Amino acid sequence: LNDKYYRGMAFEFHVRDYYRRLGYFCHRSPHSRGVADLIAIRLYDMLLIQCKVGGKIKREAREGLIVTANSVGAKPLMATKNKLTGELVISEVQL
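Please read all numbers here as calculations on a predicted model, not as lab measurements.

### As for the overall build of the protein chain
A count of helical and extended segments in the protein chain gives two helices and five strands. Listing the helices and strands of the protein chain from first to last along the sequence gives α-β-β-β-α-β-β. Each principal axis of the C-alpha distribution contributes one length, and for the protein chain these read about 35 × 30 × 25 Å. Considering the protein chain as a whole, with its 95 residues, one finds that 34% of them fall into the buried category. In the protein chain, which carries 16 positive and 9 negative side-chain charges, the distance between the mean positions of the two groups comes to 3 Å.

### Some details on the pairing of strand S4 (residues 75-81)
Remark: a regular strand shows side chains that alternate across the two faces of the sheet. Taking burial as the measure, the seven residues of S4 include five buried ones, the bulk of the element. By the bridge criterion, five bridges tie strand S3 (residues 45-51) to S4 in an arrangement that is parallel. Looking at S4, one finds that Gln50 is bridged to Met78. Each parallel crossover has a hand, and for S3 linked through helix H2 (residues 59-72) to S4 it is right-handed. Pairing of S4 with strand S5 (residues 88-92), which is carried by five bridges, proceeds in the antiparallel orientation. Residue pairing in the sheet places Leu77 in a bridge with Glu92 of S5. Hairpin connection, S4 to S5: the antiparallel pair is bridged by six residues, and Gly86 has positive phi, about 80°.

### As for the side chain of Arg16
Mapped onto the elements of the fold, Arg16 is located in helix H1 (residues 3-21). Judged by its relative accessible area of 17%, Arg16 is buried. Ignoring sequence-local partners within four residues, the contact set of Arg16 consists of Cys26 and Leu38.

Cut-offs applied
- Residues numbered from 1 in each chain as written.
- Predicted model: local features only at pLDDT ≥ 70, side-chain atom pairs only at ≥ 80, totals over all residues.
- Heavy atoms only, no water.
- Helix = DSSP H or I, 4+ residues; strand = E, 2+ residues; numbered from the N terminus.
- Buried < 20%, exposed > 50% of the residue type's maximum accessible area, 1.4 Å probe, protein only.
- Lys, Arg positive; Asp, Glu negative; His and termini not counted.
- Charge placed at Lys NZ, Arg CZ, Asp CG, Glu CD.
- Pairing = 2+ DSSP bridges.
- Right-handed = clockwise from strand over helix to strand, strands pointing away.
- Contact = heavy atoms within 4.5 Å.

Here it is as structure tokens:
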């Protein structure tokens, strides 16, 4: 495994911990085996989250995330870092 993998994994844990502090139950899907890196669930709220250190999701992955989220009533989100400040940025994924 390489440094890029470990940076991505560390970022996924950072995002997971952020949502746990907000009261969500979080499940991580390691090794990019699902449409979302994280599933975060709280009463009446479900999020499917792609974590991208570089801030870009390929169109095919974006479409899969949106279709899956819509099929289960979840919000499709992308978590990334602000390149200047390093702060966590969460945005809704759209086509």
